[in-house]
Amino acid sequence: MNAKGKILVVDDERGMREGCRRILVPEGYAVDMAADGEEAIRRLREDGYDMMLLDLKMPGIGGMDVIEPARKADPDLSIIVMTGYATLESAVEATKRGIYDYIAKPFAPDELLPVVTRGMETRRLMVESRRLREERDRNLLELAAEKSRIHTVVNCMADGALVINREGQLVLYNPAAAHLLRLSASPPLEAPIAEALPCPALVGWLEESQGETEFRRVSRELSVGEGPEATVLMVNIAPVRDEAGLFLGSVAILRDITRLKEIDRMKSQFVSMVSHELRSPLAAVEGYLDVLLSGLIAHDPERARRMMHRARERTDSLLHLVDDLLQVSRMESGRIRRNLAPVALGDLAKEAVLFFEEEAQKKEVRLTAEIPESLPAVLADKDEITRLLTNLISNAIKYNRPGGSVTARLSQEASFLRLDMEDTGLGIAEEDLPRLFTEFHRIKRPETLQVTGTGLGLSIVKRIVDAHHGRLEVRSRLNEGSVFSVFLPL
Ligand code: ADP
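Note that this is a predicted model, so its numbers are computed, not measured.

A.B. asks: I tried to follow the sheet that holds strand S4 (residues 78-83) on my own but got confused; where do I start?
C.D. replies: Across a sheet, strands are paired by hydrogen bonds formed along the backbone, either parallel or antiparallel in direction. Pairing is parallel in the open sheet, where 5 strands are placed in the order S2-S1-S3-S4-S5. Since the sheet does not close on itself, it has two edges, and those belong to strand S2 (30-34) and strand S5 (101-104), each with one partner. Averaged over all pairs of adjacent strands, the angle between strand axes in this sheet comes to 20°, irrespective of strand direction. Direction of pairing for strand S3 (residues 51-55) relative to S4: parallel, over a ladder of 5 bridges. Note on S4: the bridge partner recorded for Met52 is Ile79. Helix-sheet contacts for helix H1 (residues 14-24) involve strand S1 (6-10), S2, S3 and S4, and the interaxial angle to S2 is about 175°.

If you want it as structure tokens, here you go:
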């Protein structure tokens, strides 16, 4: 059974100690006794009590000297001093030191009990109020920690966050928001948003959200900047309400979706490219097959052979397209395994030039190679270097004019092997250069309408050069020609 409280009776008179014990135990208190100050201090430190009944006049360490160590051991200990009339002054002094009450000796049980009951009640209240105080302190501490945690999280977010209050003032924003909105200076807090944010569209949406009566999240796209530096942000705005549903303000989360938009654009471009590039050769092949099957030219085997030849060319170009697509997808997924070995670039260039000789003649383009003897070998993947050469020579011939020329030139430059693919063809306008190496990007010009292609060749070249830690440069003048230079580290 739990005692009503634990009491230490400290008195040098045995009769007094016993008397107290006999009064208190039947009332449900647990009672220990100490015969002098030293024992009292030891017990208080070791055991812990709710209350101490203390005689002030004891030999050795007097009661007055017990009070301070007792307070140290337990600041909420309820101390009741038992004193004779002669030491009333001391009782007053003890009260100043923080004892709770005193009782004059000798006393009857019904005099002691109410004092003890009151003392115990006070003790209970003091312990409770200390507990509440500590809890409050702890809560405040947690609150402060929580606040700084939220602050840290908001500041580290890659998404931008803006918070405005119901007066339409900017009350919080994180560095990502400032960066995404390209704010040159930190916007002042608690200024009206129209002043704080130099972005009328966003301000408009935020103001709209202020008037909302129901919870409605708004998603909008916001363009920031112009030209090649332009970005697109997805802005999500939501009203904030407290538990009672009272409108507090709005939160806007900003996310950079430029890359997603670009992928989206590339995807539609891809679909239209594929449908066009696949459809036209297939339709042509189908046409040839129809003619052959109809038997209309059965009497003219030479014409039939020419038709089959053309059909063959178209399927070749289809295969080429599919090859390019596979190559890009392999490179994209990192599934490609490179066999790096010393490669004699001169030999590969000569082979490639030889391979395109017929094609060049057909286009009336002069194709030559300038390859010095004894060039050092580069550590590279032979198949990829062949593909790089093929793509560059094929472009130089494709985007050329009758009577033009293509020169494949090799040289050593410091610790690089340099390949220049020079043509006197159509050239590329300055504004088309930045996107030249982007997948599926084809330059639309009347002269190139008949030229088939996937827009993948140069992007593959770029990836191969990057994979070999090399460098790719292009110099071009519209209608005069281009030079594509590849630098591969030796
Ligand atoms: P494709 O040739 O399949 O269209 P590429 O990625 O090889 O794709 O080339 C992208 C675009 O760059 C071409 O559509 C063409 O307009 C331009 N281009 C590439 N090489 C040359 C060149 N040597 N001269 C002029 N334009 C070129």
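A.B. asks: Can you walk me through the packing of helix H13 (residues 382-398) against helix H14 (residues 457-467) in this structure?
C.D. replies: When two helices pack together, their arrangement is given by the angle between the helix axes and the distance between those axes. Across the interface, H13 lies against H14 with an axial gap of 9 Å and an inter-helix angle of 145°. The element H13 and its partner H14 pack so that their crossing is left-handed. Here Glu384, Arg387, Leu388, Asn391, Leu392 and Asn395 of H13 lie close against H14, whose contacting residues are Gly457, Leu458, Ile460, Val461, Ile464 and Val465.

A.B. asks: Can you walk me through the site of the ligand in this structure?
C.D. replies: By nearness alone, 19 residues border the ligand, and Asn395, Tyr399, Arg442, Thr454 and Leu458 come closest of all. Within the side chain of Lys398, an N or O atom sits 3.1 Å from an oxygen atom of the ligand. One nitrogen or oxygen atom from the side chain of Tyr399 is found 2.7 Å from an oxygen atom belonging to the ligand. Protein coverage of the free-state accessible area of the ligand, which is 530 Å², stands at 97%. Taken together, the elements giving at least two residues each to the shell around the ligand come down to H13, H14 and strand S17 (481-489). No other element matches the 3 residues that H13 contributes to the shell around the ligand. Considered class by class, the residues forming the shell around the ligand number 8 nonpolar, 8 polar and 3 charged.

A.B. asks: Explanation requested: the pattern of salt bridges in the structure shown.
C.D. replies: Oppositely charged side chains can pair when the atoms bearing their charge come close. One pass over the structure, following the stated rule, counts 32 salt bridges. Residue Arg42 pairs with Glu46 through a salt bridge whose shortest N-O separation is 3.4 Å. Placement of both Arg42 and Glu46 in helix H2 (residues 37-46) is noted, with a separation of 4 residues, approximately one turn of the helix. A residue is classified by how much of its surface remains accessible, and Arg42, at 41% relative accessible area, is partly exposed. We classify Glu46 as exposed; its relative accessible area is 55%. Salt-bridge contacts for Arg477 lead to Glu480; the nearest nitrogen and oxygen are separated by 3.2 Å. A relative accessible area of 56% means that Arg477 is categorised as exposed. Shared partners join several salt bridges into a network, and the residues in it are Asp11, Asp55 and Lys105.

A.B. asks: How should I be thinking about the environment of Arg259 in this particular structure?
C.D. replies: Within the secondary structure, Arg259 is located in helix H9 (residues 258-294). Expressed as a C-alpha distance, the spacing of Arg259 and Val232, which sit 27 residues apart in the sequence, is 8.6 Å.

A.B. asks: Explanation requested: the environment of Asp101 in the structure shown.
C.D. replies: With respect to the element layout, Asp101 can be found in strand S5. The sequence separation of Asp101 and Ala34 amounts to 67 residues, and the corresponding C-alpha distance is 19 Å. Beyond its immediate stretch of four places on either side in the chain, Asp101 contacts Ile79, Ile80, Val81, Val115 and Arg118. Here Arg118 takes part through its side chain, which lies 3.1 Å from a polar atom of the side chain of Asp101.

A.B. asks: Is there a simple way to think about the domain arrangement of the protein chain in this case?
C.D. replies: By a frequent convention, interface size equals the accessible area lost on bringing the separate parts together. If you check the domain split of the protein chain, you get domain 1 (6-129), domain 2 (142-256), domain 3 (261-333) and domain 4 (340-489). Relative to domain 4, the C-alpha centre of domain 3 lies at a distance of 24 Å. Listed by partner, the interface residues are 16 residues for domain 3 and 16 residues for domain 4. Summed over both sides, the interface of domain 3 with domain 4 buries roughly 1,500 Å², with 57% coming from carbon and sulfur. Looking at the side of domain 3 facing domain 4, the largest losses of area belong to Asp324, Val328 and Met331, adding up to 33% of the total buried there. Put simply, domain 3 and domain 4 have 1 salt bridge between them. Between Arg387 and Asp324 there is a salt bridge, with the nearest N and O atoms lying 3.1 Å from each other.

A.B. asks: Can you help me understand the pairing of strand S9 (residues 231-241) in this one?
C.D. replies: Here 7 bridges tie strand S8 (residues 218-224) to S9, and the two strands are oriented antiparallel to one another. Bridge pairing links Ser219 to Asn236 in S9. The pairing of S9 with strand S10 (residues 247-256) spans 9 bridges and is classified as antiparallel. Within the sheet, the bridge partner assigned to Ile237 lies in S10 and is Ala252. Between the antiparallel neighbours S9 and S10 lie 5 residues, among them Gly245 with a positive phi of about 90°.

A.B. asks: Looking at this structure, I do not really get the side chain of Asp55. What am I missing?
C.D. replies: Following the sequence through the fold, Asp55 ends up in strand S3. Beyond its immediate stretch of four places on either side in the chain, Asp55 contacts Val10, Asp11, Asp12, Gly63, Met82 and Lys105.

A.B. asks: When you look at helix H11 (residues 345-355) in this model, what are you seeing that I'm missing?
C.D. replies: Residue pairs three or four apart in sequence face the same way in an α-helix, which turns once every 3.6 residues. Restricting attention to buried positions, one finds in H11 the residues Leu345, Gly346, Leu348, Ala349, Ala352 and Val353. An end-on view of H11 places all buried positions within 165° of arc, on one side of the element. Counted as exposed and oriented over 90 degrees from the buried face of H11: Glu351, Leu354 and Phe355.

Calculation criteria
Residues numbered from 1 in each chain as written. Predicted model: local features only at pLDDT ≥ 70, side-chain atom pairs only at ≥ 80, totals over all residues. Heavy atoms only, no water. Pairing = 2+ DSSP bridges. Helix = DSSP H or I, 4+ residues; strand = E, 2+ residues; numbered from the N terminus. Axes fitted to C-alpha atoms, helices over the stretch in contact; angles between N-to-C directions. Contact = heavy atoms within 4.5 Å. Left-handed = near helix turned anticlockwise from the far one by under 90°. Near = heavy atom within 4 Å. Polar contact = N/O pair within 3.5 Å; in protein donor to acceptor, adjacent residues only side chain to side chain. Areas by Shrake-Rupley, 256 points an atom, 1.4 Å probe, with all protein chains shown as cover. Nonpolar A, V, L, I, M, F, W, Y, C, P; charged D, E, K, R; others polar. Salt bridge = Lys/Arg side-chain N within 4 Å of Asp/Glu carboxyl O. Buried < 20%, exposed > 50% of the residue type's maximum accessible area, 1.4 Å probe, protein only. Domains from an automatic or database assignment. Buried area = accessible area lost by both parts, 1.4 Å probe. Arc of directions from axis to C-beta.

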